[in-house]
Amino acid sequence: MKAVFAAATLFATAFLIQPALADDTCSSVKGDAVLGARAPEVDLYDGADGKRVQTLKDDAFPRCTPITGRAPNMMLRVNINGTDYWVAPHMVKYHFAGNLPAVCRNLAMGGEQEKVGSTRGLGEGCPKPGSGGTTP
Amino acid sequence: MGEPSLQTARERLEQTLKRARRPDKEAMESLRMRAPFWWVFVFLFTFSTYQIIMNPFGFSDLVQRYTQDVSDLLITGPYLYPDTGHEQISVALVDDRTLGELQMPWPWSYGAQARTLDALLAEKPRAVVVDILFVDPRKDDTLPELVDEIGRYKRAGVPLYFSGDPSVAPGQPPIRQELLDAGARVVDPTLLPQGIVRQYNVDGRCMNGEAAATLCKSLALTVYSDLYPKAPLDVNSDGLVELMWGTRSDPYNTKWMGLTESCDQDIGFFRRIYLAFFDPSQVRSRCPYESVIPVEKLLQGTDDTDIAKLAKGRVVFYGGALQGVQDRSFSPVNGLIANVFIHAMALDNLITFKGRPEQNVMTVGGTTLNNNTIQVFAIVPVILILAWLHIRNLRARGTERETEPRESGALFELLLEKVMESAWHWGALALALGAGLALTLAAGISVANWVEVIFVSAELAAMLMVGVPDAIWGYLHHVAGGIAEPAKARREHSA
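Now for a look at the structure at hand. Just so it is clear, the structure is predicted and the values come from calculations on it, not from any experiment. (Residues numbered from 1 in each chain as written. Chains lettered and ligands numbered in written order. Predicted model: local features only at pLDDT ≥ 70, side-chain atom pairs only at ≥ 80, totals over all residues. Heavy atoms only, no water.)

1. Some remarks on the pairing of strand β7 (residues 92-95) of chain A
All names here are of chain A.
Working step 1: The alternating pattern of β7 places Val-92 and Tyr-94 on a buried face and Lys-93 and His-95 on a face that is not buried.
Working step 2: Of the pairings in the sheet, the one linking strand β1 (residues 33-37) to β7 comprises four bridges and is antiparallel in character. Its bridge partner lying in β7, Gly-36 is registered against Lys-93. (Buried < 20%, exposed > 50% of the residue type's maximum accessible area, 1.4 Å probe, protein only. Helix = DSSP H or I, 4+ residues; strand = E, 2+ residues; numbered from the N terminus. Pairing = 2+ DSSP bridges.)

2. Concerning the state of the cysteines
Residue and element names in this part refer to chain B.
Working step 1: For the structure on display, the rule yields one disulfide over all chains.
Working step 2: At a sulfur-sulfur separation of 2.0 Å, the disulfide partner of Cys-206 is Cys-216. Here the S-S torsion is close to 110°, and the disulfide linking Cys-206 with Cys-216 is therefore right-handed. Of the two residues, Cys-206 sits in the loop between β6 (203-204) and β7 (216-217) while Cys-216 sits in strand β7, which places them ten residues apart along the sequence.
Working step 3: We classify Cys-216 as buried; its relative accessible area is 12%. (Disulfide = S-S within 2.5 Å.)

3. What to know about the packing of helix α2 (residues 25-32) of chain B against helix α18 (residues 468-479) of chain B
Residues and elements named next belong to chain B.
Working step 1: α18 packs onto α2 with a crossing angle of 120° between their chain directions and a minimal axis gap of 8 Å. Classified by the interaxial angle, the pair formed by α2 and α18 is oblique. Our pair here, α2 against α18, has a crossing hand that is right-handed. Across from Ala-27, Met-28, Leu-31 and Arg-32 in α2, the residues of α18 making contact are Asp-470, Ala-471, Trp-473, Gly-474, Tyr-475, His-477 and His-478.
Working step 2: Broken down by class, the residue content of the contact of α2 with α18 amounts to six nonpolar, three polar and two charged. (Axes fitted to C-alpha atoms, helices over the stretch in contact; angles between N-to-C directions. Parallel < 35°, antiparallel > 145°, perpendicular 65-115°, else oblique. Left-handed = near helix turned anticlockwise from the far one by under 90°. Contact = heavy atoms within 4.5 Å. Nonpolar A, V, L, I, M, F, W, Y, C, P; charged D, E, K, R; others polar.)

4. A look at the pairing of strand β13 (residues 361-364) of chain B
Working step 1: Here β13(B) pairs with strand β14 (residues 367-370) of chain B via four bridges, running antiparallel. Residue Val361(B) lies in a different strand from β14(B), and its bridge partner there is Asn370(B).

5. Brief notes about the layout of surface pockets
Working step 1: Considered as a void within the structure, the largest pocket measures approximately 670 Å³ in volume.
Working step 2: Looking at the lining of the largest pocket, the elements with two or more residues in it are α6 (110-122), β10 (315-321), β11 (328-331) and α14 (339-352) of chain B. (1 Å grid on protein atoms, 1.4 Å probe; cavity = no way out; pocket = protein on both sides within 12 Å on 5 of 7 lines; lining within 4 Å. Points joined across faces, edges and corners; volume = space filled by probe spheres on them.)

6. Regarding the environment of Val186(B)
All names here are of chain B.
Working step 1: Tracing the backbone through its elements, the reader meets Val-186 in strand β4 (residues 185-187).
Working step 2: Of the residues examined, Val-186 reaches a relative accessible area of 3% and is grouped as buried.
Working step 3: Taking the C-alpha atoms as reference points, Val-186 and Gly-209, separated by 23 residues in sequence, lie 9.8 Å from one another.
Working step 4: Setting aside chain neighbours within four positions, we find Val-186 in contact with Phe-162, Ser-163, Gly-164, Pro-174, Ile-175, Leu-180, Met-207 and Asn-208.

7. Points about the side chain of Glu242(B)
Residue and element names in this part refer to chain B.
Working step 1: The residue Glu-242 is located in strand β8 (residues 241-242) in this model.
Working step 2: Within the structure, Glu-242 has its side chain in polar contact with the side chain of Arg-65 (distance 3.0 Å).
Working step 3: With sequence-adjacent residues up to four places away left out, Glu-242 is seen in contact with Arg-65, Gln-68, Arg-198, Gln-199, Asn-349, Glu-358, Gln-359, Asn-360, Ser-446 and Asn-449. (Polar contact = N/O pair within 3.5 Å; in protein donor to acceptor, adjacent residues only side chain to side chain.)

8. What to know about empty space enclosed by the protein
Working step 1: A complete count under the given rule lists four cavities of 30 Å³ or more for this structure.
Working step 2: One number sums up the size of the largest cavity: a volume of about 70 Å³.
Working step 3: Lining the largest cavity, in full, are Asn73(A), Met75(A), Ala88(A), Pro89(A), His90(A), Met104(B), Ala112(B), Arg115(B), Thr116(B) and Leu299(B).
Working step 4: For the lining of the largest cavity, the element with the most residues is α6(B), which contributes three residues.
Working step 5: A per-class count over the lining of the largest cavity returns six nonpolar, three polar and one charged.

9. Here we look at the nonpolar core
Residues and elements named next belong to chain B.
Working step 1: Formed by 50 residues in total, the largest nonpolar core has its most connected members in Tyr-200, Val-223, Leu-243, Val-315, Phe-317, Phe-341 and Leu-347.
Working step 2: Mapped by element, the contributors of at least two residues to this core are β1 (89-95), β2 (127-130), α9 (219-227), α10 (251-257), β10, β12 (335-338) and α14.
Working step 3: If one sorts the elements of this core by residue count, α14 sits on top with nine residues.
Working step 4: Contact partners of Leu-243, with chain neighbours within four places excluded, come to Gln-68, Asp-72, Val-197, Arg-198, Gln-199, Tyr-200, Ile-342, Met-345, Ala-346 and Asn-349. (Core = buried A, V, L, I, M, F, W, Y, C linked by side-chain atoms within 4.5 Å.)

10. Brief notes about the pattern of salt bridges
Working step 1: For the structure on display, the rule yields 21 salt bridges over all chains.
Working step 2: Of the charged contacts, one joins Arg38(A) and Asp303(B) as a salt bridge, the two residues approaching to 2.7 Å between their closest N and O atoms. Separated into two different chains, Arg38(A) in the loop between β1 and β2 (41-45) and Asp303(B) in the loop between α12 (295-300) and α13 (305-311) make up a pair that spans both.
Working step 3: Between Arg138(B) and Asp140(B) there is a salt bridge whose closest N-O contact spans 3.7 Å.
Working step 4: Through salt bridges with shared partners, one network takes in Glu41(A), Asp43(A), Lys57(A), Asp118(B), Glu149(B), Arg152(B) and Arg155(B). (Salt bridge = Lys/Arg side-chain N within 4 Å of Asp/Glu carboxyl O.)

11. Let's talk about α2(B)
Working step 1: Taken together, the buried positions of α2(B) are occupied by Ala27(B), Met28(B), Ser30(B), Leu31(B) and Arg32(B).
Working step 2: In this structure Asp24(B) caps α2(B), since a side-chain oxygen of it lies 3.0 Å from the backbone nitrogen of Glu26(B).

12. Looking at the packing of α9(B) against α14(B)
What describes two packed helices is the angle between their axes and the distance between those same axes.
Residues and elements named next belong to chain B.
Working step 1: Interhelical geometry of α9 versus α14 gives an angle of 45° and a closest axis separation of 8 Å. By the criterion of interaxial angle, the relationship of α9 to α14 is oblique. In the packing of α9 onto α14, the handedness of the crossing is right-handed. Residues Leu-219, Ala-220, Leu-221, Val-223 and Tyr-224 of α9 form the contact with α14, whose participating residues are His-343, Ala-346, Leu-347, Leu-350 and Ile-351.

13. Digging into the side chain of Thr352(B)
Residue and element names in this part refer to chain B.
Working step 1: Looking at the secondary structure, you find Thr-352 in helix α14.
Working step 2: For Thr-352, a relative accessible area of 10% puts it in the buried group.
Working step 3: At a separation of 3.2 Å, a polar atom in the side chain of Thr-352 contacts the side chain of Tyr-81.
Working step 4: Only 3.4 Å separates the side chain of Thr-352 from the backbone nitrogen of Gly-85, close enough to count as a polar contact.
Working step 5: With residues up to four places along the chain from it excluded, the contact list for Thr-352 reads Tyr-81, Pro-82, Thr-84 and Gly-85.

Structure representation (structure tokens):
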């Protein structure tokens, strides 16, 4: 009896969390995607460095929207209701398969520039001290 | 009747001139031994006061500031300055690399600035201080986005400060009127025109339409007053804040800034002492003291735990370090650095010292004393003790002159006596150092503002060792016709 109850509980749990998992990962969308709103309000822009044209409440922002472009200033292009908009990355949860540029400096006091690899975390992917500043 | 007296006066004058030109060394020596205490005191006090107040050749200023730099690099920065403020402040920095990475030429549109501020707001900071001036009118359709951002900060309950332009004409807005109308809080970012930034303003211009008689504070002091009411600001408006610079860079900075060399300089104590005096550039910190949030990382919008730690609950200064923009100054511990770090360091000092930063003034009984006056007062006990010890030695030597000469076999004893005679001069230095440390601990006076006491004490001790005040007393007294010591007078009489 206990085994049946445990199996039923397991099945029910899996059944209940399945949509949530699907939502978070947007497995239905291939490639890069905006998973949903992160901020209470999401601004939509008409260009990567353009003007704000609309602001959506977080619950009005569509989930699992494919990212159709990324600008050097990190803005993400999405298509919402047939119109292309740009959104600021900090306002949304997103999945980006491509590499983000590493953020590194060759000492704040020096002007020397370093070429870097790619990483997601602050300082990750940066050359280690003493390595001569070369990119791994 | 008049002629003889005139002749006598002339003779006296001639004799005086003769003594002045060709003084009798023996007479001078005997008169020197009888120099009074008051003369030694007045002589030393006059010399000290001149040295401290008149600042000959800029010596006092140079000594003060040089000492402050060495103290920052050698003692306070690496060993004593605590991390209290460090843990509560960050700097979100736009530098040339940021512009290059984001392909966003400077100046950014108001919309881009608003997005950056919004990205900061998303990290839930305690407050944000914008060290970028938004004063010049320019055509930019995205201005409403920045105006709206002010509203978002208000709704989130996060204080947002904008730097105002202190050079605008009276009656003109220190930032764009639209931002003022949105309720932006404006602060005065003026820094002192110093080659190396060692001090920070207490007062600033009022920029929020305050009444004419209102006294407003400078940027860091305003932010501190607003955010740290539990430890109220206790600064004297007649003085300046003496900045104490930390040198131990934030570990997060080390993580992403030290590429070819580590931010943490592994320099031993004795080597640090040597370099601080002879090659300060070698001990200057390569990375800023305050935690830095690179703005491009912020704009990536990834869930980076480092960024969250650096921003959440902290006072975040948002500023730029851009080539060609005259917003940099020289710090004693970093060299050339963006001015936003100076405001951050000033706030760090205020937090660390709980609203009572080191200053160049102190208040005694409701009266403000500047650092020169403080130093003159501090040197008085040193002079009193030095003068007393010196007179005591002089009298002992004077008595010795009248006794039989010492036997040649007592050379060691003589040497020991000489050493002991000069050893007490070192006591003057210890006394001055003690007075200075007491001033720091009791009244929050910076080392820069009492170090002159030590230097002057050393000078006084050196002067007393060669007997300058008593030699001058002996000469002047001799020229004025002073009476030689009794023993010599007796010898002259018997001859």
